[in-house]
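Here are the chains, one letter per residue:
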Protein chains: 2
Amino acid sequence: MPSALNPSLAQFRRKPKLLPAERYVEGILSGDRVYLGQAITLIESNISSHQSVAQTIITACLPHSGKSQRIGITGTPGVGKSTFIEASGLHLIDDHQRKVAVLAIDPSSQVNRGSILGDKTRMERLSRREEAFIRPSPAGTTLGGVARKTRESIILCEAAGYDTILIETVGVGQSEIAVHSMVDCFLLLLLPGAGDELQGIKRGIVEMADLVFINKAEAERKQLAKQAQKAYRNAIHLFAKKESDWTAEIHLGSALQQIGLPEIWERIQTYFEHIQRNQFLVTHRQEQANYWLSESIEDALKQWFYGDEAIQAKLDTLRAKVMRQELSPFAVAELLLKEKL
Amino acid sequence: MPSALNPSLAQFRRKPKLLPAERYVEGILSGDRVYLGQAITLIESNISSHQSVAQTIITACLPHSGKSQRIGITGTPGVGKSTFIEASGLHLIDDHQRKVAVLAIDPSSQVNRGSILGDKTRMERLSRREEAFIRPSPAGTTLGGVARKTRESIILCEAAGYDTILIETVGVGQSEIAVHSMVDCFLLLLLPGAGDELQGIKRGIVEMADLVFINKAEAERKQLAKQAQKAYRNAIHLFAKKESDWTAEIHLGSALQQIGLPEIWERIQTYFEHIQRNQFLVTHRQEQANYWLSESIEDALKQWFYGDEAIQAKLDTLRAKVMRQELSPFAVAELLLKEKL
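The following refers to the structure shown. (Residues numbered from 1 in each chain as written. Chains lettered and ligands numbered in written order. Predicted model: local features only at pLDDT ≥ 70, side-chain atom pairs only at ≥ 80, totals over all residues. Heavy atoms only, no water.)

**Points about the overall build of chain A**
1) Next: The helix and strand inventory of chain A stands at 13 helices and seven strands.
2) Next: Contacts spanning at least 24 positions in sequence make up 75% of the contacts within chain A whose residues lie at least 6 apart.
3) Next: Summed over all atoms, the accessible surface of chain A reaches about 15,400 Å², with 51% contributed by carbon and sulfur. (Helix = DSSP H or I, 4+ residues; strand = E, 2+ residues; numbered from the N terminus. Contact = heavy atoms within 4.5 Å. Areas by Shrake-Rupley, 256 points an atom, 1.4 Å probe, with all protein chains shown as cover.)

Right under this line is the structure:
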């Protein structure tokens, strides 16, 4: 790359030079965290030369991916996600010889930087471990874009030998649906107490959970936690059966005091044995791949269409007519497509 | 139309001749149910000359639409939807001087014809009333297509003066989400008893409901109904607050024995007063119009793209590569779009 001749690349001088894709792939496959981190930076970059190398790396890593347990962890701010993830990571590394990668999806982190994994020191002990890889949420303006970057990062982490991928979300937005489309298991963290306290949890999230962990069930809050556990157990009976044929479980404990942590991870392992036995893991991942294929195609189509300034201008005029009940949405779609093609 | 010269149109000879759009519009605006029915048949037709007249009719009816209460009614087969809708329609006509149109969304009716409103005689008493218009679910292979046809039919019914539009769905599929995008109020019918009996209700449906009516709460089932009412009331506290700032209500009664029917309709009116007062009705309908605009555009884009046989063939090959982890979904999308444009 003629970076010395290209002044527009000057701003990247301080960053590591862009290497040939093979170098990153070699590094990743040997488990080198520096190459892994740099390759993920390329995935997250919007510069087309970076994207092109990133896509080559992803394709080379693909055959080495897919062997991990992909676990989504969600919960509103204050529920203790960082503490839970750090304690879980250390437990999995020390007691189960696992290699743990922690990724995050939080499209809002644009606005509110640092709200999620923004400060790596929040997981200082875990991040010092060689068996761990921690990466904050990628920047991005659209959830779709952020989700794609995270999904591609999973592939690289798996190729680098991480057998447990924890994907953190904030539990208050649409991100959970995106996460759900890339994980095998969905764990929801809740605070003790039911009802009003949970207003922050978005509709449908509880129904998505394979396991719920009521955190901070310490001292005087233990009674409240037990009440919440009972309320959720009752509520779960009202939900339809999951495709995985697994009945959601509600557990309680304290990540800070290390109470209930080995137990919840034992149940997560039981869940994985269950979905391996009944083939749900395989079919679910194929459904996810299909979903991502459709999403990718449709995103590309939309980008091509809506990215056209002339179309945008026309759309604004026509949208106003729809709002005034002068034109039907379908008529507008017809008009715009005729214009574009 | 030179139908006499065109043998391909011979099959439509027995059907009423295609009239100029103005004739249908005049008929609809004067409240004529025959013209309304024929115009909806045009909406449901896939023949392009029919579609073109249908779109003209819709555009002409649009300024006269929007003044009704649009209510989605869902519940699994056996819950007594037909009985409930017929009794409700008669109650609204007789006691509230309303004009009631009953539409339906059921994409599965392709396979299982007659499962929903297929047999008009199921609502014989209501269908004999001049103030009622009943229309079975339109045929269609995709939910999107069926949903669009129903949504366009709403516009025509409103232009014909129907002030109450009841939209029936089966409560076991994706249809509820489509219905939710076209109604102001969502009513869920349940059977007495909680838990196992409700396995048929799809996840998320309960959370969508603005009001729940536990039907068939008769004689010995009344106790069961009360238990279900209590369980759902508790569960509702676990859900996030609705955008409409309305707390879902659980009522019980019997459509067959006319118990609780005036009461549930009184609550539905209270709900409408609530969303009118806090402007949710207006903002929600504008969101729905925007949603339908995006849906229409994206459907048209997809039809243009996936309708291409060469693209389909290539997609099949590339999809197999994605499943074998040889190519990433994003790489495939890039390849296909380059091919098409």
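Okay, back to it.
**A closer look at the relation of the copies chain B and chain A**
1) Next: Each copy of the sequence occupies a distinct position, and chain B is placed on chain A by a rotation of 180° and an axial shift of 0.0 Å, giving an RMSD of 0.1 Å. Both chain copies can therefore be described as sitting about a two-fold axis.
2) Next: By residue overlap, the copies meet face to face through one surface: 98% of the interface positions of chain B are interface positions in chain A. (Least-squares fit on C-alpha atoms with pLDDT ≥ 70 in both.)

**With respect to the state of the cysteines**
1) Next: Applying the stated criterion to the full structure yields zero disulfides over all chains.
2) Next: This cysteine, Cys157 of chain A, is not joined by any disulfide, and Cys61 of chain A carries the nearest cysteine sulfur, 9.9 Å off. (Disulfide = S-S within 2.5 Å.)

**Some words on the pairing of strand S5 (residues 185–190) of chain A**
For a regular strand, the rule is simple: side chains alternate between the two faces of the sheet.
All names here are of chain A.
1) Next: Counting buried residues in S5 gives six out of six residues, a clear majority hidden from the surface.
2) Next: Burial along S5 is two-sided: the residues Cys185, Leu187 and Leu189 and Phe186, Leu188 and Leu190 are all buried.
3) Next: The pairing of strand S1 (residues 69–74) with S5 spans four bridges and is parallel. Bridge pairing in S5 links Gly72 to Phe186.
4) Next: In this structure, S5 lies alongside strand S6 (residues 211–214), joined through four bridges in parallel fashion. Residue pairing across strands places Leu187 opposite Leu211, the latter belonging to S6. (Buried < 20%, exposed > 50% of the residue type's maximum accessible area, 1.4 Å probe, protein only. Pairing = 2+ DSSP bridges.)

**Focus: the nonpolar core**
1) Next: One finds Ile28, Leu36, Ile57, Leu156, Cys157 and Ile167 of chain A to be the most contacted residues of the largest nonpolar core, which totals 56 residues.
2) Next: Top contributing element to this core by residue count: helix H6 (residues 143–159) of chain A, with seven residues.
3) Next: Once residues within four sequence positions are removed from consideration, Ile57 of chain A is found in contact with Ala21, Tyr24, Val25, Ile28, Ala39, Leu42 and Leu156 of chain A.
4) Next: Leu62, Ala101, Leu103 and Ala225 of chain B belong to the second largest nonpolar core, which has 54 residues in total. (Core = buried A, V, L, I, M, F, W, Y, C linked by side-chain atoms within 4.5 Å.)

**A closer look at the interface of chain B and chain A**
1) Next: The partner chain A presents 60 residues to the 61 residues of chain B that form the contact.
2) Next: Both faces combined, the contact of chain B with chain A buries some 5,100 Å², and carbon together with sulfur accounts for 64% of it.
3) Next: Between Lys302 of chain A and Glu298 of chain B there is a salt bridge, with its nearest N and O atoms 3.8 Å apart.
4) Next: Between chain B and chain A we count eight residue pairs in polar contact (both at pLDDT 80 or more) in total.
5) Next: Looking at the side of chain B that touches chain A, the elements that each hand over two or more residues are helix H3 (48–61), helix H6 (143–159), helix H8 (205–208), helix H9 (222–236), helix H11 (280–306), helix H12 (309–323) and helix H13 (329–340) of chain B.
6) Next: Looking at which element gives the most residues to the side of chain B that touches chain A, the answer is H11 of chain B, with 15 residues. (Buried area = accessible area lost by both parts, 1.4 Å probe. Salt bridge = Lys/Arg side-chain N within 4 Å of Asp/Glu carboxyl O. Polar contact = N/O pair within 3.5 Å; in protein donor to acceptor, adjacent residues only side chain to side chain.)

**Digging into H12 of chain B**
1) Next: With 15 residues, H12 of chain B ought to run about 21 Å at 1.5 Å a step, and its terminal C-alpha atoms sit 21 Å apart, in line with that.
2) Next: Within the sequence span of H12 of chain B, burial applies to Ile311, Leu315, Leu318 and Val322 of chain B.
3) Next: Where the residues of H12 of chain B are buried, they touch helix H11 (280–306) of chain A together with H11 and H13 of chain B.
4) Next: At the N-terminal boundary of H12 of chain B, the capping side chain belongs to Asp308 of chain B, with an oxygen 2.9 Å from the backbone nitrogen of Ala310 of chain B.
5) Next: Where H12 of chain B terminates, the next one or two residues include Gln325 of chain B, which has phi positive at roughly 60°. (Expected span 1.5 Å × (residues − 1).)

These values are about where atoms sit, not about what they do.
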